[in-house]
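Structure at a glance
So the chains spell out like this:
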Amino acid sequence: MRSFTHLHVHSHYTLLSGTASVEELARRAASDGLSHLALTDTNGLYGVVAFCRACREAGVQPIVGMTVTVAAPEDLAAELEDT
């Protein structure tokens with residue numbers, strides 16, 4: 001197994017951004033000789049259970065994360081515009 005690990009991976013659970021299923025991702029990671037694979041879908045952890053199961057079946061260690069969209073509260077944004 002190689003020591004490289006993809007840490008920015010989106011599945012089809014990231015709406016309008018990813019197309020691969022978590023099963024496809026895990027199979028590909030295993031076939032590429034990766035020992036670990038992260039799932040970092042945007043604004044949701046909807047695929048985590050399926051991802052962990054798929055990784056376990058493929059012999060790949062899952063890493064779970066999430067990309068989160070953060071917006072400043074409106075009152076703070078207004079204060080920042082005034083400066």
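Preceding block: the structure.
All of these numbers come straight from a predicted model, not from anything done at the bench. (Residues numbered from 1 in each chain as written. Predicted model: local features only at pLDDT ≥ 70, side-chain atom pairs only at ≥ 80, totals over all residues. Heavy atoms only, no water.)

Some thoughts on the packing of helix α1 (residues 22-31) against helix α2 (residues 48-58)
This is how the line gets drawn: An axis is simply a line fitted to the C-alpha atoms; with a helix, the fit covers only the stretch in contact. Between two such axes, the angle follows the N-to-C directions and lies from 0 to 180 degrees. We count a stretch as a helix when DSSP gives it H or I for four or more residues in a row; a strand needs E for two or more, and each element gets its number in order from the N terminus. Note on terminology: angles under 35 degrees are roughly parallel, angles over 145 are roughly antiparallel, angles of 65 to 115 are roughly perpendicular, and the others are oblique. A crossing counts as left-handed when the near helix is turned anticlockwise from the far one by less than a right angle, and as right-handed when that turn is clockwise. Contact definition: two residues touch when any of their heavy atoms are within 4.5 Å. Nonpolar residues are Ala, Val, Leu, Ile, Met, Phe, Trp, Tyr, Cys and Pro. Charged residues are Asp, Glu, Lys and Arg, and all others, Gly as well, are polar.
Close contact between α1 and α2 brings their axes to 8 Å; oriented N to C, the two are set at 30°. When the interaxial angle is binned, α1 and α2 end up roughly parallel. Crossing of α1 over α2 shows right-handed handedness. Residue-level contacts link V22, E23, A26, R27 and A30 of α1 to A50, F51, A54, C55 and A58 of α2. Grouping the amino acids of the contact of α1 with α2 by side-chain chemistry returns eight nonpolar, no polar and two charged.

Quick word on the nonpolar core
Spelled out, the test is: The term nonpolar core refers to a set of buried residues drawn from Ala, Val, Leu, Ile, Met, Phe, Trp, Tyr and Cys, joined through side-chain atoms within 4.5 Å. Only protein chains enter the accessibility calculation, which uses a 1.4 Å probe; a residue whose area is less than 20% of its type maximum is buried, one above 50% is exposed, and one in between is partly exposed.
In terms of nonpolar packing, the biggest core is built from 12 residues, these being V9, V22, L25, A26, A29, L34, L37, L39, F51, A54, C55 and V60. If you list the elements that add at least two residues to this core, you get α1, β1 (36-39) and α2. A total of four residues in this core trace back to one element, the largest contributor, which is α1.

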